[in-house]
Amino acid sequence: VGLNKRSFLIYKFRTMVPNADKMLPELEMLNEVAGPVFKIKNDPRMTPIGRLLRASSIDELPQLFNVLKGDMSLVGPRPHALAHDAYYGSRIVNYNRRFAVRPGITGWAQVNGARGATPGLADMQARIDLDAWYVEHAGLGLDLLILARTPLEVLRQRNAA
């Protein structure tokens, strides 16, 4: 879901095994909260090449097509799956602020370490607070700062999943 809650098809390289969503009931116990499993550390659903693609963020490159189509921007809150939007949107007060701008390939939350696994509601709340701060302060200067910091964050692999 993107700008103004408009749904769009997001392009990514496949990093999970086929039917990974069918493994979710067994994985929910690994999360602090009941609900959709986002990413978990050492996710058994990831393929070996998928682990490398995710750690290096190469799996995000196809989203450049989404940018060209106008569904996404280079910088903005990272888009979440529909199930996550429904679940967290009803539990995190400022969650919907993220829909005031186009979602991005990278964002303020990512360059501030809020990427990867979100095993608890507090983890997602921290990410959403950073997204909401970005929405309130968005501008060319901030976007350039985020774009400059993104490669450094990818190299650090802090919280990469």
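Scope of this entry: the structure provided in the associated data block. What you see is a predicted model, and the numbers here were worked out from it, not measured in a lab. (Residues numbered from 1 in each chain as written. Predicted model: local features only at pLDDT ≥ 70, side-chain atom pairs only at ≥ 80, totals over all residues. Heavy atoms only, no water.)

### Points about a nonpolar patch on the surface
- Together, Phe13, Ile58, Leu61, Leu64, Leu74, Leu140, Leu144 and Leu147 line one region of the surface with nonpolar side chains, adding up to about 720 Å² of accessible area.
- The greatest single-element share of the nonpolar patch, amounting to three residues, is contributed by helix α7 (residues 140-156).
- With respect to the secondary-structure elements, Ile58 resides in the loop between α2 (48-55) and α3 (63-69).
- On the basis of relative accessible area, Ile58 is assigned to the partly exposed category, the value being 35%. (Patch = residues over 30% accessible without salt bridge, like charges linked within 9 Å, V, L, I, M, F, W, Y side chains within 5 Å. Areas by Shrake-Rupley, 256 points an atom, 1.4 Å probe, with all protein chains shown as cover. Salt bridge = Lys/Arg side-chain N within 4 Å of Asp/Glu carboxyl O. Helix = DSSP H or I, 4+ residues; strand = E, 2+ residues; numbered from the N terminus. Buried < 20%, exposed > 50% of the residue type's maximum accessible area, 1.4 Å probe, protein only.)

### Here we look at the environment of Leu121
- For Leu121, the location among the structural elements is in helix α6 (residues 121-137).
- Remark: the alpha-carbon pair of Leu121 and Tyr88, spanning 33 residues in sequence, is separated by 8.1 Å.

### Here's the deal with unusual backbone geometry
- Residue Asn4 is not a glycine yet carries a positive backbone phi of 55°.
- Take Asn4: it is sitting in the segment before α1 (24-27).
- A relative accessible area of 63% means that Asn4 is categorised as exposed.
- Backbone geometry at Lys5 places phi at a positive 60°, although glycine is not the residue there.

### Notes on the pattern of salt bridges
- In this structure the tally under the stated criterion is eight salt bridges.
- Between Asp59 and Arg54 there is a salt bridge whose closest N-O contact spans 3.8 Å. Taken as a pair, Asp59 and Arg54 share a single burial class, namely buried.
- For Lys69, the salt bridge goes to Asp71, with nearest N and O atoms at 3.8 Å.
- Judged by relative accessible area, Asp71 falls into the buried class, the value being 8%.

### Quick look at the side chain of Asn66
- Topologically, Asn66 is positioned in helix α3.
- For Asn66, a relative accessible area of 0% corresponds to the buried category.
- Sequence-distant contacts of Asn66, defined by excluding residues within four places in its chain, comprise Phe8, Leu9, Ile10, Tyr11, Asp71 and Met72. (Contact = heavy atoms within 4.5 Å.)

### Concerning the packing of aromatic side chains
- In this structure the tally under the stated criterion is four aromatic pairs.
- When the ring of Tyr95 is compared with that of Phe99, the centres are 6.1 Å apart and the planes differ by 65°; the resulting orientation is edge-to-face. Of the two residues examined, Tyr95 and Phe99, each falls in the buried class.
- Judged by centre distance (4.8 Å) and plane angle (25°), the ring pair of Trp108 and Trp133 falls under stacked. (Phe/Tyr/Trp six-rings, centres within 6.5 Å; stacked < 30°, edge-to-face > 60°.)

### So, α6
- Relative to the 24 Å expected for 17 residues at 1.5 Å per residue, α6 spans 24 Å between its end C-alpha atoms, a close match to the ideal helical length.
- Among all positions of α6, only Met124, Arg127, Ile128, Asp131, Ala132, Tyr134 and Val135 are buried. Around the axis of α6, the buried residues are gathered within 155° of arc, so they sit on the same side. Turned more than 90 degrees away from the buried face of α6 sit Ala122 and Glu136, all of them exposed. (Expected span 1.5 Å × (residues − 1). Arc of directions from axis to C-beta.)

### Quick word on the packing of α6 against α7
- Across the interface, α6 lies against α7 with an axial gap of 9 Å and an inter-helix angle of 140°. Our classification of the angle between α6 and α7 gives oblique. For the pair α6 and α7, contact is made by Trp133, Tyr134 and His137 and by Leu142, Asp143 and Ile146, respectively.
- In the contact of α6 with α7, the residues fall into four nonpolar, one polar and one charged. (Axes fitted to C-alpha atoms, helices over the stretch in contact; angles between N-to-C directions. Parallel < 35°, antiparallel > 145°, perpendicular 65-115°, else oblique. Nonpolar A, V, L, I, M, F, W, Y, C, P; charged D, E, K, R; others polar.)

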